[in-house]
Amino acid sequence: MQAALRLAEKAFTLGEVPVGAVVVSTEGKGRIVGRGYNQRESLKDPTAHAEMLAITAAANTLQDWRLSSCVLYVTKEPCPMCAGAIVNSRLAGVVFGAYDPEKGCCGSLYQLPNDPRFHLNIFIRGGILEAPSRSLIQDFFRSRRNS
């Protein structure tokens, strides 16, 4: 989660919503195989969420779209699009910081990855380093309102 927080801080400094994500392989002693931070503004791409970029990087690193031996660590609860990518990439688990009661699809609004119709067993852990993750997002939007 610390690595994801550092990426979120990078997004903040670049004027992006501060969300960072890493994909960690459970094989190979917890090696980070994918990294991402929000880049919607800089790439002019609505799909350039931290999770999407980290999942894509991990698939490229491992040369496989199936990430069943990996866990995604992200500073904010994934949205519907990112939750769909979690399902489609077959991640073993998701660990996130701040809950998102408005758009979160890993427990808050919906529990998309563990919808029984998908027949998957993805572990979800929320609230890990929640305070610094939430604070970063709040500070970002506070600075936007005040400028």
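Residues numbered from 1 in each chain as written. Predicted model: local features only at pLDDT ≥ 70, side-chain atom pairs only at ≥ 80, totals over all residues. Heavy atoms only, no water.

A. Fine view of the environment of Leu129. As for its placement among the helices and strands, Leu129 is situated in the loop between β5 (123-125) and α5 (130-145). Between the C-alpha atom of Leu129 and that of Ser108, which follows or precedes it by 21 residues, the distance is 17 Å. When neighbours within four sequence positions are excluded, Leu129 is seen to be in contact with Met1, Gln2, Leu5 and Gly97. (Helix = DSSP H or I, 4+ residues; strand = E, 2+ residues; numbered from the N terminus. Contact = heavy atoms within 4.5 Å.)

B. Geometry of the packing of helix α3 (residues 50-62) against helix α4 (residues 80-89). In contact at an axis separation of 9 Å, α3 and α4 are set at 20° when each is read in the N-to-C sense. As far as their axial angle goes, α4 and α3 are roughly parallel. Read as a crossing pair, α3 and α4 show a hand that is left-handed. Along the contact surface, α3 presents Glu51, Met52 and Ile55, while α4 presents Met81, Cys82, Ala85, Ile86 and Ser89. (Axes fitted to C-alpha atoms, helices over the stretch in contact; angles between N-to-C directions. Parallel < 35°, antiparallel > 145°, perpendicular 65-115°, else oblique. Left-handed = near helix turned anticlockwise from the far one by under 90°.)

C. The pattern of salt bridges, seen in detail. Overall, the coordinates contain five salt bridges when judged by the stated rule. For Asp100, the salt bridge goes to Lys76, with nearest N and O atoms at 3.0 Å. In this pair, Asp100 sits in the loop between β4 (93-98) and β5 while Lys76 sits in strand β3 (residues 70-76), placing the two residues 24 residues apart along the sequence. Since its relative accessible area comes to 18%, Lys76 is described here as buried. (Salt bridge = Lys/Arg side-chain N within 4 Å of Asp/Glu carboxyl O. Buried < 20%, exposed > 50% of the residue type's maximum accessible area, 1.4 Å probe, protein only.)

D. Structural context of α4. Cys82, Ala83, Ala85, Ile86, Val87 and Ser89 are the residues of α4 that are buried. Buried residues along α4 sit in contact with α3, β3 and β4. Note on α4: the residue one or two positions beyond its end, Arg90, has a positive phi of about 60°.

E. Representation of the packing of aromatic side chains in the model. Under the defined criterion, the tally for this structure stands at three aromatic pairs. Geometrically, the ring pair formed by Phe12 and Phe140 is edge-to-face, given 5.6 Å between the ring centres and 75° between the ring planes. With Phe12 in helix α1 (residues 2-13) and Phe140 in helix α5, this pair connects stretches of sequence that are 128 residues apart. Residue Phe12 is classed as partly exposed on the basis of its relative accessible area, which comes to 28%. With a relative accessible area of 4%, Phe140 lands in the buried category. Their ring planes at 80° and their centres at 4.9 Å tell us that Phe96 and Tyr99 sit as a pair that is edge-to-face. Of the residues examined, Tyr99 reaches a relative accessible area of 35% and is grouped as partly exposed. Among the aromatic residues, ring-to-ring pairing joins Phe12, Phe140 and Phe141 into one connected group. (Phe/Tyr/Trp six-rings, centres within 6.5 Å; stacked < 30°, edge-to-face > 60°.)

F. Expanded view of the pairing of β3. With six of seven residues buried, β3 lies mostly within the body of the structure. When strand β1 (residues 20-25) meets β3, the two strands line up antiparallel, connected through five bridges. Directly across from Val22, in β3, lies its bridge partner Tyr73. Bridge count for β3 against β4 is five bridges, and the pairing is parallel. Bridge assignment links Tyr73 to a residue of β4, and that residue is Val95. Taken together, β3, α4 and β4 form a β-α-β motif whose crossover is right-handed. (Pairing = 2+ DSSP bridges. Right-handed = clockwise from strand over helix to strand, strands pointing away.)

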